[in-house]
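Fold and contact review
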Amino acid sequence: MPSIPRAIAAPDTGLRAVAQVAVEARVGSQTGLFDYAVPDALTGVIEVGHRVRVPFGKRTVTGFVYALEQAPTVLELKPIEALLDAEPVLPPVLIELAGFVAAHYLVPLDEVIRAIVPPRVRAVVRRTVKRRRQSRILRQAGAVTAVGAVGLEPAQQAAAERIAVSLARHEADVFLLHGVTGSGKTEVYLRLLDDVLAQGGQGLILVPEIALTPQAVGRFAARFPGRLAVLHSALTEAERAAEWWRIRRGEADIVIGPRAAVFAPLARLRLIVIDEEESSAFKQERLPRYHAPSVARWLARKTHAVLVLGSATPSVATYTTALSGREHLLELPHRAQGRALPPVTIVDMRKELAAQHFSPLSRDLQAAIGGSLARQEQSILFLNRRGLATFVLCRDCGQARECPHCSVALVFHAALNRLQCHYCGSTEPMPRRCPACGSRYIKSFGIGTERVEQEVRSLFPTARVVRLDRDVMKTVDAADLVFDQMLSREADVLVGTQLVAKGLDLPAVTTVGVVNADTSLHFPDYRSSERTFSLLTQVAGRAGRGTRASQVLIQTYNPDHPAIRHARYHDYRGFYREELEIRRTYGFPPFKELIVATYSHRDQARAERDAKAAAEHLSATIALLNLGDIEVLGPSPAFVYRLKDEFRFEVTLKGTDLHRVADGLPRGRGWSLDVDPM
């Protein structure tokens, strides 16, 4: 991407002002940029970040000025028709950030700007946006009750003081704050924000899950009442636009939100905190496919802000970087207030089957839940699968009921009394007979959160059971309401997916059960072990937050797997050492980079043929450039081979500095690129 001058003076003889504009039109352009002549009336007035109206084909569209330069007057360029705002909507640093994201993740600039600027901000000229209602999370953010600072323990104080040195020096340092669950990382963040705000700076807090945002907002709003803004995809468009303008005008000192909040228009950014930095939720899965922590690293360097990455289970790549000294490692090895980490018991489900016990809840887990209920304590049951069952199978012909549009099994949802595809959303009734052979012996197999909820209600009829998964998360407030039920002791058992694994601080929870630890172990993904270990460790950390004795039970058919074996002892370093050697052996990150190019087409033969041609072209390009350290893998069918009636093939690049062959990567209709896939 070109360098970005703020504005341009009157042109020299034979030259005139030209603007590169990222237009609001999805046209498949590789860069998304188009050149327009700057009219004399706007020369010296128009700046980078201004929103303009420009002709585009037979229509008129809006766009954002990305760069200004001089070009020969002989070039025939259409002129900019109008300047839409008196001041630039986007500050220069966000324009540069958009350029970085577009270049690194190989996406058109207009797609990046679409992710940065909320729809109402792009569409509405005026800066005042009326709100018909206010979401609960925004009412929390505007709270006026102030809570005083909590005294830090020695390890917390040492970490805060070390980071404060970089803040005082305006150094763009990156810190990995590796602390066990319950070690008080949030208190360190709050203390750092005290320093930042006292010096006139601003802070940005990123959390991985939408479900975690309300709890984070509650804690930060109590410490800094009236100084928060929330950027959150589940807000209404009007609310998002209003919050964005508050930030742009400098009316908020702290911004909290999931991954897209990394694009907040903060003018005095001094501190970026990314909590649970290892979470895959920080990777955007649709265009533009950016990774928020990677974007935050660039932003911190550009703005001379300090970046703090907090986690009990850091990603292997981040921990490797910290151990190498390229980033700073700070440790919080113990829980706050002297609390012990809860003991973990591994339940071998093979023995349960041998004993003819077929409930999804083992005898040990049932006894633990019953004991907590008898003592008027609470339990959390974790299963990383929604629905009543994972698939529906005919016991005569063996055919599983698949989505007619995607190559994945349909999941039965009791609340809907229907089968549903979790990829395209299509639904159909539960069949009474097998559509393939007509047999009546068609049955659901496997378990999901609904099935576990039913089992708990059946085993413990008086227990008050609540569930938290994507089916329950219909509104931004849904998770917060469930959390309130647990905190106020209106519920006894919480059943949920990974939404319950992180961030919840519930002192009355004394039993945590992982119903099936193997769900994510065998995915065709090099990070499957890392994700499993992280989830198990994080969900185990929900226990023992209060003063009562607690316990964690992990049910598995693979008790000797390293992810499960090390999770039993909360042993991150032991897991890291084993996992790093596996990554080294097979050449996965952090030792090599990956780019995955996926081709989709309704014609299966054409999809395979075009993907093969692209792989051959890439191999030839690599050979021509003599880049023997880069491999081309595939084409191979994607994990979800058929999606929304299109067949999908993947071509994978593995090596170092893969952007050396960026120009040879396939682009255009049907192709999508995923840089640094997660």
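All of the points below concern the structure found in this document.

Reading guide: rules and limits
Residues numbered from 1 in each chain as written. Predicted model: local features only at pLDDT ≥ 70, side-chain atom pairs only at ≥ 80, totals over all residues. Heavy atoms only, no water. Helix = DSSP H or I, 4+ residues; strand = E, 2+ residues; numbered from the N terminus. Buried < 20%, exposed > 50% of the residue type's maximum accessible area, 1.4 Å probe, protein only. Contact = heavy atoms within 4.5 Å. Pairing = 2+ DSSP bridges. Axes fitted to C-alpha atoms, helices over the stretch in contact; angles between N-to-C directions. 1 Å grid on protein atoms, 1.4 Å probe; cavity = no way out; pocket = protein on both sides within 12 Å on 5 of 7 lines; lining within 4 Å. Points joined across faces, edges and corners; volume = space filled by probe spheres on them. Nonpolar A, V, L, I, M, F, W, Y, C, P; charged D, E, K, R; others polar. Patch = residues over 30% accessible without salt bridge, like charges linked within 9 Å, V, L, I, M, F, W, Y side chains within 5 Å. Areas by Shrake-Rupley, 256 points an atom, 1.4 Å probe, with all protein chains shown as cover. Salt bridge = Lys/Arg side-chain N within 4 Å of Asp/Glu carboxyl O. Parallel < 35°, antiparallel > 145°, perpendicular 65-115°, else oblique. Left-handed = near helix turned anticlockwise from the far one by under 90°. Polar contact = N/O pair within 3.5 Å; in protein donor to acceptor, adjacent residues only side chain to side chain. Phe/Tyr/Trp six-rings, centres within 6.5 Å; stacked < 30°, edge-to-face > 60°. Expected span 1.5 Å × (residues − 1).

Turning next to the overall build of the protein chain. Counting its secondary structure elements, the protein chain contains 18 helices and 27 strands. Once the C-alpha set of the protein chain is aligned to its principal axes, its extents read approximately 90 × 65 × 55 Å. Each of the 678 residues in the protein chain was classed as buried or not, and the buried ones make up 55%. Of the contacts made within the protein chain by residues no fewer than 6 positions apart, 75% connect residues no fewer than 24 positions apart.

Within the open sheet, the seven strands sit side by side as S8-S9-S7-S10-S11-S6-S12. Their pairing is parallel. At either end of the open sheet lies a strand with only one pairing partner, and these are strand S8 (228-230) and strand S12 (328-332). Neighbour-to-neighbour, the strand axes of this sheet turn through a mean angle of 20 degrees, independent of strand direction. Sheet analysis places strand S10 (residues 269-275) next to strand S11 (residues 306-311), joined by five bridges and oriented parallel. Paired with isoleucine 274 across the strands is leucine 309, a residue of S11.

What follows deals with the layout of surface pockets. One number sums up the size of the second largest pocket: a volume of about 1100 Å³. Taken together, 44 residues form the lining of the second largest pocket, with Thr186, Arg219, Gly503, Asp505 and Arg545 sitting closest to its centre. Looking at the lining of the second largest pocket element by element, the count peaks at six residues for helix H7 (residues 213-223). In the lining of the second largest pocket, the residues fall into 16 nonpolar, 14 polar and 14 charged.

Our next topic: the pairing of strand S26 (residues 646-655). The buried fraction of S26 amounts to eight of the 10 residues, a majority that puts the element mostly inside the structure. Summarising the sheet, strand S24 (residues 593-601) and S26 pair through nine bridges and their orientation is antiparallel. Bridge assignment links threonine 598 to a residue of S26, and that residue is glutamate 650. As judged from the seven bridges shared by strand S25 (residues 631-643) and S26, these two strands associate in the antiparallel manner. Note on S26: the bridge partner recorded for glutamate 631 is lysine 654. A loop of two residues connects S25 with S26, the two strands running antiparallel in sequence, and lysine 644 in this loop sits at a positive phi of about 55 degrees.

Together, Leu353, Phe358 and Tyr557 make up a nonpolar patch on the protein surface, roughly 310 Å² of accessible area in all. Position of tyrosine 557 relative to the elements: it lies in the loop between strand S23 (551-556) and helix H16 (562-567).

Let us look at the packing of helix H1 (residues 92-105) against helix H9 (residues 292-303). Two elements in contact, H1 and H9, have axes whose closest approach is 11 Å; the angle formed by their N-to-C orientations is 140 degrees. One finds that H1 runs oblique with respect to H9. The element H1 and its partner H9 pack so that their crossing is right-handed. Where H1 abuts H9, its residues Val93, Glu96, Leu97, Phe100, Val101 and Tyr105 lie against Ser294, Val295, Trp298, Leu299, Lys302 and Thr303. Class assignment of the residues belonging to the contact of H1 with H9 gives a composition of eight nonpolar, two polar and two charged.

Backbone hydrogen bonds are what pair the strands of a sheet, in a parallel or an antiparallel way. Pairing in this open sheet of five strands is antiparallel, and the strands run S2-S1-S4-S3-S5 from one edge to the other. With partners counted over all chains shown, the strands left at the sheet margins are strand S2 (33-37) and strand S5 (82-83), one partner each. Strand direction decides the pairing type here: strand S1 (residues 15-23) and strand S4 (residues 59-72), joined by nine bridges, are antiparallel. Within S4, the position partnered with alanine 22 by the bridge is phenylalanine 64. Across the sheet, helix H2 (residues 109-116) touches S1, S2 and S4, and the angle it forms with S1 is around 65 degrees.

Mapped onto the elements, threonine 321 comes out in helix H10 (residues 316-324). Of note is the side chain of threonine 321, whose polar atom sits 3.0 Å from the backbone oxygen of alanine 317. With residues up to four places along the chain from it excluded, the contact list for threonine 321 reads Arg326 and Glu327.

Time to look at the packing of aromatic side chains. Scanning all chains against the criterion turns up 13 aromatic pairs. Residues phenylalanine 100 and tryptophan 298 carry aromatic rings whose centres are separated by 5.6 Å and whose planes lie at 15 degrees to one another, so their mutual orientation is stacked. Note that phenylalanine 100 is positioned in helix H1 and tryptophan 298 in helix H9, a separation of 198 residues in sequence. The exposure classification of phenylalanine 100 matches that of tryptophan 298, with both residues buried.

As a further point, take the pattern of salt bridges. All told, the structure shown has 37 salt bridges when counted by the stated rule. A salt bridge links arginine 375 to glutamate 377, with the shortest nitrogen-to-oxygen separation between them at 2.9 Å. Look at arginine 375 and you get partly exposed, because its relative accessible area is 44%. With a relative accessible area of 7%, glutamate 377 lands in the buried category. Taken together, the shared-partner salt bridges in this structure form one network comprising Glu24, Asp110, Glu111 and Arg114.

What follows is about the environment of valine 295. Note that valine 295 resides in helix H9. Taking relative accessible area as the criterion, valine 295 reaches 0% and is therefore assigned buried. Residues valine 295 and histidine 104, spaced 191 residues apart in sequence, show a C-alpha to C-alpha distance of 9.7 Å. Aside from chain neighbours lying at most four places away, what touches valine 295 is Leu97, Phe100, Val101, Tyr105, Val262, Phe263 and Tyr290.

Quick look at helix H18 (residues 604-624) now. The end-to-end C-alpha distance of H18, which contains 21 residues, comes to 31 Å, matching closely the 30 Å that a straight helix rising 1.5 Å per residue would cover. Check the buried side of H18 and you find it contacts S24, S25, S26 and strand S27 (671-675). The N-capping residue of H18, defined by a side-chain oxygen 3.0 Å from the backbone nitrogen of alanine 605, is aspartate 603. The positive-phi residue at the C-terminal boundary of H18 is asparagine 626, with phi of around 60 degrees.

Considering the arrangement of structural elements, one finds cysteine 406 in the loop between strand S15 (391-394) and strand S16 (411-413). Looking at cysteine 406, the relative accessible area reads 1%, which means it is buried.

Okay, unusual backbone geometry next. The omega torsion across leucine 287 and proline 288 is -10 degrees, close enough to zero to call that bond cis. A cis amide bond links proline 589 with the next residue in sequence, proline 590, at an omega value of 15 degrees. Turning to its location among the elements, proline 590 is positioned in the loop between helix H17 (572-586) and S24. Backbone geometry at glutamine 376 places phi at a positive 60 degrees, although glycine is not the residue there. By the secondary structure assignment, glutamine 376 is in the loop between helix H12 (363-374) and strand S14 (378-382).

We now examine the packing of H1 against H2. Interaxial distance between H1 and H2 falls to 9 Å at its minimum, and their mutual angle equals 125 degrees. On the basis of their axis angle, the class for H1 and H2 is oblique. Crossing of H1 over H2 shows right-handed handedness. Between H1, through Leu94, Ala98, Gly99, Val101 and Ala102, and H2, the contact on the second element is made entirely by Leu109, Val112, Ile113 and Ile116. For the contact of H1 with H2, a count of residues per class yields eight nonpolar, one polar and no charged.

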